[in-house]
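Chain and residue survey
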Amino acid sequence: MFSLEHITNSIQQWLYSTFNPTMALILECTIVMLLAIGLFAVLGLVLVLMERKVAARMQIRLGPNRVGPRGMLQTAADTLKLMMKEGLTPNGADKFLFNLAPFIVMIAAMLILAPIAFAKGFQIWDINIGVLYVSAVSSVSVIGILMAGWASNNKYSLLGAMRSGAQIVSYELSAGLSIISIVVLAGSLQISDIIASQQTGWWLFRGHIPAVIAFVIFIIAVTAETNRAPFDLAEAESELTAGFHTEYSGMKFALFFLAEYINIFIVCAIGATLFLGGWMPLHIGHWEGFNHIMDYIPSSVWFLGKTFFLIFLIMWFRWTFPRLRVDQLLSLEWKYLLPISMFNLLLITLIAIMGWHF
Amino acid sequence: MFIKEYISDVYRAVSSLLKGMKTTGHYFIRPKEIITQQYPDNRAQMKLPERFRGEVVMSHDDNNEHACTGCTACELACPNATIKIITKFDTTPEGKKKKALDTFVYHLELCTMCNLCVEACPTSAIKMAQTFEHSVYDRNKLLKKLNQPGSKLRAGVE
Amino acid sequence: MYRETQIINSGHTILSAGGDLGGAADGGELVINVGPQHPATHGVLHLVITLQGETIQKIEPHLGYIHRSIEKMCESLSYRQFIYVTSRMDYLSAHINNHACALCVEKGLQLEIPPRARVIRVLMDELTRIASHELWWGAMAMDLGAFTPFFYAFRERETINDIMEETCGARLTMNYMVPGGVMYDIHPNFQKRVKDFIQLFNNKIDEYDDLVTGNIIFQNRTKGVGVLTKEDAISFGCTGPVGRGSGVPCDIRKLYPYEVYDKVSFDEIIETGGDSYARYLVRIKEMRQSIRIVEQLIDNIPDGEFQAKTKAVLKLPKGEFYSRVETARGELGVYIVSEGGTTPYRIKFRSPGFSNLSALDHISRGSKIGDLMAIMGTLDLVIPDIDR
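Residues numbered from 1 in each chain as written. Chains lettered and ligands numbered in written order. Predicted model: local features only at pLDDT ≥ 70, side-chain atom pairs only at ≥ 80, totals over all residues.

**Some thoughts on the interface of chain C and chain A**
Listed per partner, the contact involves 26 residues of chain C and 25 residues of chain A. Elements with a minimum of two residues in the side of chain C that touches chain A: β1 (29–34), α5 (115–143), α6 (148–168), α8 (216–222) and α15 (369–379) of chain C. Along the lines of polarity and charge, the residues of the side of chain C that touches chain A split into 14 nonpolar, six polar and six charged. (Contact = placed C-beta atoms within 7 Å. Helix = DSSP H or I, 4+ residues; strand = E, 2+ residues; numbered from the N terminus. Nonpolar A, V, L, I, M, F, W, Y, C, P; charged D, E, K, R; others polar.)

What follows is the structure, given as structure tokens:
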């Protein structure tokens, strides 16, 4: 069976046998960093293309089909164009903050990558408070957005940043609560433990209806947290032209754009890890034969398949729904999602205590 | 009851959203519904209806003869001064002097394709062509002379 | 002062006591310029919006970015020529604009139109109305952040455009109406293609309801947003779907029937809500009524001439002539003053967009910026129609 675990282990062994431990650690860090950056670049290209293709299919169009085979190099060409464009800084902008903001957003997105398990035994940092770490770091990106909006010296940007601040702060609550409901079921904050606890079945199925509700709330909340339609009030191009990144151009804009897609990938990866068992194959009760066949599919394929399914779901939302208004956005959170998820957490706790889950 | 209302609210909202997703999902799994026309590639299949108004042309027959008498009815009918007719005096075999068309100047860049000139023409000398790819790099190329060089009035057209 | 009393009388709670609107006294106001280049204004409308947080305090529309002095241009064009210019006013209902002008000229000439031409004109008008409402529907959904409806709307609109292209020779600015009838007879394929379109439309219109009308987010975005009371609608002169959404019966096709509108049966859609959702519903239902008119007429096009015999040079007698039609946006009036020559002495167009825009400031005060998009979407502003 193909596994990434063997590759990483053999690389590690080779490093430690060839170099002294400090050097090996440094080299390991470098490799991981390069891999992460490479992954980011690839993900950005793939997700943007995927979004455009999904949108096109839903809108009875063809989508990009000119650059490369079936338009696959379209996003690469777009990136090249963005890199060659001049990065303008508006007159009267706070230059330091203006230039810093896209990097903060990007770094925040990069940091969340650390505890995600891409396959069996393929994880950058299996920190024991993995889920907490993700929730904490993901809220840093709002600082970058506020910074961008404020420093742009543009009223549209400021309004967009204000909206984004209110939105992310409130939706963190219900996202956090639905994450906690899985933590309650799994009994651990560590990502690898949570995945291991889904050996016999994914929490989405094992936790009865409350787990499904938690999943739905999680998806809604992370859609809002990543500023995606129908919650894209921070950019809302028909209202605020482009919201907080109105004044950005060239590569600085590309960083915002890339960070948006990386964030989608990351929240979907978290969702897949918590609710759909991460890299764990689909196992159904005592169907031994079926379970064996499922085991033959590599764990990385399982993880990516689940993640991309969730990404597709979020894209589906975007190309179907109109945008909410700013006050409706907040009332949805505070009047519907938060009460429901609190009640739901109560139910899940009850299920966990009584051991009613499968 | 409050709770009941709240739950039915949520139910109605979710079902309306799912209905919308069903519609877009319906099209997602049916690539046959795609209606995109890949324009520059489909030039061969593309056929514009015969009434389509693309530009004004003057029809010439095999003998390089046209039907324009130079009466300037089209010039008068044109709301944008798109057409300018320059006439000359031909000498007929009998020795009489006769007004005839020298140059039919057509400013494509001013034309709104309103068809009034074609309607006004008493001899059906001009008509609308179905071309539409008019872009050029030089504006002067839009200034056209409709009668072909060396062409003359068809016999019998008054 | 009058306006404030009116607002209080009509039960608006938008304005707090004191009517402190300009509000130099309380700070924290933000003035933003929406347009002339902005994704939501659909053209070159310039709105100066005074905001308090996200709440709109005042909207000041600035016009003139696309003023081409069409009225003045018409004074130097003959009665045949000036019709095509009006296609460029409300370009989405170009046919109906041309129709209004042709009607006015015919009134002056006291010309009798052949019955075939009358029916063709009405058919074209109604197809144009559907096409216009289709585009509005897609653009409105796009303003509210849903992109996909735009493409579905254009798919149906494209079919109408193809029909127009085949019969009239152009897709948007057709110039098919001439004084005395229509420019050519209908194309042999016309009836078949229109029937196909009716079938297509009836199949697809339910999709619109699934995708947008029934959507809870859409309903929340439009219900109770931008309420225009019946009294206000009358005093602002709002016509068309905007007036009818406020409960004002103002359909010219019913009030002053022209051509064959008195012979076909259709309902005047009136909603009493006065909010954006009511205006939305009026247009959606109007599309079905237009289809009803087309269905009644498509098999009953009388034989005969498609154009009355007219002189080569038209001269209107000395006097003043006024005709009005119902465009997709409301009442379009054409007022011609003739001195007896070949060109009009003065032409005035009463365009529906201008009156509807005038209500924008009144109905958006106190709403959020997001609401402004819903309000402008349902006012269905076409900027060249406003500026002319």
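**Observations regarding the sheet that holds strand β2 (residues 46–52) of chain C**
All names here are of chain C. Spatially, the three strands line up as an open sheet ordered β1-β2-β3, and their pairing is antiparallel. Here the strands that pair on one side only, and so sit at the sheet edges, are β1 and β3 (55–62). Adjacent strand axes in the sheet meet at a mean angle of 20°, parallel and antiparallel pairs treated alike. Examined bridge by bridge, β2 and β3 share seven bridges and lie antiparallel to one another. Considered in β3, the bridge of V48 is made with E60. (Pairing = 2+ DSSP bridges. Axes fitted to C-alpha atoms, helices over the stretch in contact; angles between N-to-C directions.)

**Things to note about the UniProt feature "transmembrane region" (unreviewed entry) in chain A**
As annotated in UniProt, the feature "transmembrane region" (unreviewed entry) corresponds to residues 24–49, 96–118, 130–150, 171–191, 203–224, 253–276, 296–316 and 336–356 of chain A in the numbering used here. Taken as a whole, residues 24–49 of chain A contains 100% helix and 0% strand, while its terminal C-alpha atoms sit 37 Å from one another. (UniProt positions renumbered as here; feature names shortened; annotations may be inferred.)

**Describing unusual backbone geometry**
Although it is not a glycine, A:N153 sits at a positive phi angle of roughly 60°. Positionally, A:N153 belongs in the loop between α6 (141–151) and α7 (155–186). Although it is not a glycine, B:M113 sits at a positive phi angle of roughly 55°. Considering the arrangement of structural elements, one finds B:M113 in the loop between β4 (97–107) and α3 (116–120). Under the C-beta neighbour-count criterion, B:M113 is labelled buried, with 21 such atoms within 10 Å. (Buried ≥ 20, exposed ≤ 12 C-beta atoms within 10 Å, placed from the backbone.)

**Observations concerning the pairing of strand β6 (residues 319–326) of chain C**
All names here are of chain C. Taken together, the eight bridges between β6 and strand β7 (residues 331–338) define a ladder with antiparallel strand orientation. Paired with V325 across the bridge in β7 is L332. The loop that links β6 with its antiparallel partner β7 comprises four residues; one of these, G330, has a positive phi angle of about 145°.

**Structural notes on the interface of chain A and chain B**
Each partner contributes to the interface: chain A provides 10 residues, whereas chain B provides 13 residues. A class-by-class count of the residues in the side of chain A that touches chain B yields seven nonpolar, one polar and two charged.

**Here's the deal with the domain arrangement of chain C**
Residue and element names in this part refer to chain C. When the domains of chain C are assigned, the result is domain 1 (2–62) and domain 2 (70–387). Summarising the inter-unit geometry, the C-alpha centres of domain 1 and domain 2 are found 30 Å apart. Residue-level contacts link 14 residues of domain 1 with 20 residues of domain 2. Taken together, the residues that form the side of domain 1 that touches domain 2 break down as seven nonpolar, five polar and two charged. (Domains from an automatic or database assignment.)

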